[in-house]
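Okay, here's what each chain looks like letter by letter:
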Amino acid sequence: MYEGLIRRNPVNKNEISIAALSCNSNQDRGMRENYVRNINHQDPDLIFFAGDQSYDHTEHTAAWLKFGLQFRETFRNRPAISIPDDHDIGQGNLWGENGKKSVVKGSNDGGYTYHPEYVKMVERCQTAHLPDPYDPTPIEQGIGVYYTNLSWGGVDFAILEDRKFKSGPNGKIPQQGPRPDHIRNPEYDPASIDLPGLTLLGERQLIFLEAWGQQNPEQLKVVLSQTGFCGGAHIHGNKDNRLHADLDSNGWPQTGRNKALRLIKAAKAVHIAGDQHLATVIQQGVDEFGDGPWSFVVPAIVNDYYSRWWWPEDEKAGPNPNSNTSLPWTGDYLDGFGNKISMMAYVNPESQSAGGGYGLTRLNKKEGTATFECWARDADVTKANAQQFEGWPITVAME
């Protein structure tokens, strides 16, 4: 017998909490006892797995069962949302480009490397439990979609597919480094890669986001997706690998990024994502610093194999730094695409648990606030002296 609890929808609770995790590397095949203990102790109303539940590119079913063994005691007693990301469908990076077939190593030409039936199988495993998609029309190769919304506890969650419609950079923009998706030339013109015809979320998801933002105006709103809407890391993999800009992030294409952020802001929503192996809290800027929504990118579950750093080259704080933390590099910055971002907190891999951990967001319906918490993998929240990563918690107004 496999028993669990089907919870009553907590609509009468003033505070709704959601735990968020991503990047469950197969470099660590062990169980996830600390996560299970901490999450069950904090008892969130919902748990969100933002992608890369599997790193076994050609053996997703086995990896999915392993993931289930690792985390089953968290979702045995509460509803869960999971969405696949690039590693789940067998790729190091993904620019889905409406479902075309990728024929280039690294898949930066756009599309999917593996057979569409494999991709569809992965998406069935990870998303069949979600509400019906907003528009179920399949994309190319018969691959389905799952973008939708879930109203739970008086909070309306939009669930996006960041990468399914996104353009691949190879052959579409001037190459500025050894790889089409890595820009190493800090002197390049960001406008030179923000070209007509390039897509981020795609028109279908923009229509969905606009409609979602106007529905249920009495509810707090949260956008859940795979990755962040900016370049939130300077160094990738090791300290010798400084990238000016990474086209795998949702900071590019900039026009698509700004369209998405305007709709998220209009909905008065906050954004929660994973993928980056670098926990951050950023207030996005579109036309001006601070005029966009708040974004919480949560840490990797396992972060001691491919780390990323927030490390400005001049090693200086930006204007308007966060006075509530000892972190040295907070404030207003331009990312490598020229996007305006206000960095409030980050977890570099020199931190506890090599920067690995999870996020917890508490949504206060009465106050209209979101409180972001960021917990290390080896923290024990059952102890009275348990401490979050430096810089957290952070409370923001949802307006």
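Here we summarise the structure given alongside this text. Everything quoted here is computed from the prediction, not taken from an experiment.

Thoughts on the sheet that holds strand S10 (residues 269–273)
Taken in spatial order, the 8 strands line up as S4-S5-S7-S10-S12-S11-S15-S14 in an open sheet, and their pairing is mixed. In this open sheet, the two strands that pair with only one neighbour each are strand S4 (148–152) and strand S14 (331–334). Looking at each pair of strands side by side, their axes are set apart by 25° on average, direction ignored. Where strand S11 (residues 280–285) and strand S15 (residues 340–346) come together, 6 bridges link them in antiparallel fashion. Bridged to Gln283 within S15 is Ser342. Helix H4 (residues 202–214) contacts S4, strand S5 (155–159), strand S7 (220–224) and S10 of the sheet and is inclined by roughly 160° relative to S7. Where helix H5 (residues 254–266) meets the sheet, it contacts S7, S10, S11 and S15, and its direction lies at approximately 100° from that of S11.

Describing the pattern of salt bridges
A complete count under the given rule lists 24 salt bridges for this structure. Put simply, Asp43 and Arg78 hold a salt bridge, and the shortest N to O gap is 2.8 Å. Here Asp43, found in the loop between helix H1 (33–42) and strand S2 (46–49), pairs with Arg78, found in the loop between helix H2 (60–75) and strand S3 (80–82); they are 35 residues apart in sequence, far enough to count as distant. Residue class for Arg78 comes out buried when judged on its relative accessible area of 5%. Linked through salt bridges whose partners overlap, the residues forming this network are Asp85, Arg163, Asp248 and Asp275.

Some thoughts on H1
The complete set of buried residues in H1 reads Tyr35, Val36, Asn38, Ile39 and Gln42. Looking at the packing, one finds that the buried side of H1 touches strand S1 (15–21), S2, H2, strand S16 (357–364) and strand S17 (369–376). In the stretch just after H1, Asp43 is the one whose phi turns positive, near 55°.

A few points about the environment of Asn238
One can find Asn238 in the loop between strand S8 (235–237) and strand S9 (245–246). Using a relative accessible area of 40% as the deciding quantity, one classes Asn238 as partly exposed. Sequence-wise, Asn238 and Tyr306 are 68 residues apart; in three dimensions their C-alpha atoms are separated by 7.6 Å. Polar contacts involving the side chain of Asn238 include one to the main-chain amide nitrogen of Asp240, which spans 2.9 Å.

What about the packing of H4 against H5?
With their axes 9 Å apart at the nearest point, H4 and H5 run at an angle of 15° to one another. Here H4 is positioned roughly parallel relative to H5, judged by the angle of their axes. Considering how the two elements wind past one another, H4 and H5 form a crossing that is left-handed. The segment H4 lies against H5, with Leu206, Leu209 and Glu210 engaging Lys259, Ala260, Leu263 and Ile264.

A closer look at the packing of aromatic side chains
With the rule as written, the count across this model stands at 18 aromatic pairs. Relative to Tyr118, the ring of Tyr114 lies with its centre 5.5 Å away and its plane at 50°, an arrangement referred to as tilted. Of the residues examined, Tyr114 reaches a relative accessible area of 29% and is grouped as partly exposed. Between Trp310 and Tyr333 the ring centres are 5.1 Å apart and the planes differ by 85°, which places this aromatic pair in the edge-to-face class. One end of the pair, Trp310, is in the loop between strand S13 (307–309) and S14; the other, Tyr333, is in strand S14, with 23 residues separating them in the sequence. Following the ring pairs from residue to residue traces out a cluster consisting of Tyr35, Phe49, Trp64, Phe67, Phe71, Phe75 and Tyr358. Across the ring face of Trp212, the terminal group of Lys221 is positioned such that the distance to the ring centre comes to 5.2 Å.

Quick notes on the packing of H1 against H2
Axis separation between H1 and H2 bottoms out at 9 Å; the angle between their running directions is 10°. The angle between H1 and H2 places the two elements in the roughly parallel class. Counting all contacts with H1, which are made through Tyr35, Val36, Ile39 and Asn40, the residues of H2 involved are Gln70, Phe71, Glu73 and Thr74.

Considerations on the side chain of Glu123
Its place among the elements puts Glu123 in helix H3 (residues 116–127). Among the polar contacts listed, one links the side chain of Glu123 to the side chain of Lys164, at a separation of 2.7 Å. Discounting chain neighbours no more than four positions away, the residues touching Glu123 are Pro84, Ala128, Ile143, Gly144, Tyr146, Glu161 and Lys164.

Focus on the sheet that holds strand S18 (residues 394–397)
Spatial strand order, S3-S2-S1-S16-S17-S18: 6 strands in an open sheet with mixed pairing. If you trace the sheet from one side to the other, it starts and ends with S3 and S18, each paired once. Taken pair by pair, the neighbouring strands of this sheet meet at an average axis angle of 20°, ignoring direction. Here 4 bridges tie S17 to S18, and the two strands are oriented antiparallel to one another. In the sheet register, Phe372 faces S18, and the bridge partner there is Ile394.

So, the pairing of S2
Here S2 shows no split at all, with Leu46 and Phe48 on one side and Ile47 and Phe49 on the other all buried. Here 4 bridges tie S1 to S2, and the two strands are oriented parallel to one another. Bridge assignment links Leu21 to a residue of S2, and that residue is Phe49. In terms of handedness, the path from S1 via H1 over to S2 forms a crossover that is right-handed. Relative to S3, S2 runs parallel, the two being bridged by 3 bridges. Considered in S3, the bridge of Phe48 is made with Ile81. Each parallel crossover has a hand, and the one from S2 via H2 to S3 is right-handed.

Criteria and cut-off values
Residues numbered from 1 in each chain as written. Predicted model: local features only at pLDDT ≥ 70, side-chain atom pairs only at ≥ 80, totals over all residues. Heavy atoms only, no water. Pairing = 2+ DSSP bridges. Helix = DSSP H or I, 4+ residues; strand = E, 2+ residues; numbered from the N terminus. Axes fitted to C-alpha atoms, helices over the stretch in contact; angles between N-to-C directions. Contact = heavy atoms within 4.5 Å. Salt bridge = Lys/Arg side-chain N within 4 Å of Asp/Glu carboxyl O. Buried < 20%, exposed > 50% of the residue type's maximum accessible area, 1.4 Å probe, protein only. Polar contact = N/O pair within 3.5 Å; in protein donor to acceptor, adjacent residues only side chain to side chain. Parallel < 35°, antiparallel > 145°, perpendicular 65-115°, else oblique. Left-handed = near helix turned anticlockwise from the far one by under 90°. Phe/Tyr/Trp six-rings, centres within 6.5 Å; stacked < 30°, edge-to-face > 60°. Lys NZ or Arg CZ within 6 Å of the ring centre and 35° of its normal. Right-handed = clockwise from strand over helix to strand, strands pointing away.

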